[in-house]
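Geometric and topological summary
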Amino acid sequence: MSEVVAKRYAEALYELATERKIEEKLISELNTVKEVFDGNKELLDFLNHPRIEFEKKKQLIDEAFQSFDQLILNTLKLLVERHRINQIAAVADHYQTLYNDANGIVHATVYSVRALTDEEKTSLEEAFKKRLNKQSITFSNEVDTSLIGGVKVRIGNTIYDGSISGKLNRLKNRLMAANL
């Protein structure tokens, strides 16, 4: 249920940002807010404490994030008021997803036996941009020595497995199915 709530806040925030044409600016600010909350348990404890007045919480938000856009401040205050400040990371993630979808941007994780070179990343990016018909793809590379060779690409819930271990497993499964 909390994912649904976070998605609603993100959609409302994105709609307002789109009207003001500041979608990209808010991504940066939301990521900063997310980092602050992830790294500061005391801040969350303070904002969640039932005995601390809302005005003091509001003042802390205004002081801590004074250089941020008013939309961010209002969203944080609303989340505190409705006892949903723990949802700020999910709101930021959903906002990023909305922005990426609207701008044809995809984030993918590439698993490989070794770190990929810039040339290999560019080649993969071009291949997947065409395959998925997207404007841009950003890759993060994770080393996984169990792959033996090749790469495995994860985009959302979809995995494109071009690894040697993946091919061996598929071959094994075909052979096992043929023997039945």
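What comes next is a walk through the structure. Model, not experiment: these values are computed from the prediction.

Summing up its helical and strand segments, the chain has eight helices and four strands in all. For 180 residues, the compact-globule formula gives about 16 Å, and the C-alpha radius of gyration of the chain, at 21 Å, lies well above that figure. For the chain, the C-alpha atoms occupy an extent of roughly 70 × 35 × 30 Å along the three principal directions. Relative to its full complement of 180 residues, the chain shows a buried share of 33%. Accessible surface, the chain as shown: approximately 11600 Å² in total, 49% of it carbon and sulfur. Charge separation in the chain, taken as the distance between the mean sites of 26 positive and 27 negative side-chain charges, equals 7 Å.

Examined bridge by bridge, strand β1 (residues 105-112) and strand β2 (residues 136-143) share eight bridges and lie parallel to one another. Bridge pairing links H107 to T138 in β2. You can see the chain leave β1, run along helix α7 (residues 118-132) and come back into β2, and the turn it takes is right-handed.

It is worth spelling out the sheet that holds strand β4 (residues 158-161) at this point. Across the sheet, four strands lie side by side as β2-β1-β3-β4; this open sheet has mixed pairing. Among the strands making up the open sheet, the edge pair consists of β2 and β4. Taking each pair of neighbouring strands and ignoring which way they run, the sheet shows an average axis angle of 25°. Two strands pair when backbone bridges link them, and β1 and strand β3 (residues 151-155) are joined in this way by four bridges, in the antiparallel orientation. Each residue of the ladder has a partner; that of T109, found in β3, is R154.

Analysis parameters
Residues numbered from 1 in each chain as written. Predicted model: local features only at pLDDT ≥ 70, side-chain atom pairs only at ≥ 80, totals over all residues. Heavy atoms only, no water. Helix = DSSP H or I, 4+ residues; strand = E, 2+ residues; numbered from the N terminus. Rg over C-alpha atoms; globule rule 2.2 N^0.38 Å. Buried < 20%, exposed > 50% of the residue type's maximum accessible area, 1.4 Å probe, protein only. Areas by Shrake-Rupley, 256 points an atom, 1.4 Å probe, with all protein chains shown as cover. Lys, Arg positive; Asp, Glu negative; His and termini not counted. Charge placed at Lys NZ, Arg CZ, Asp CG, Glu CD. Pairing = 2+ DSSP bridges. Right-handed = clockwise from strand over helix to strand, strands pointing away. Axes fitted to C-alpha atoms, helices over the stretch in contact; angles between N-to-C directions.

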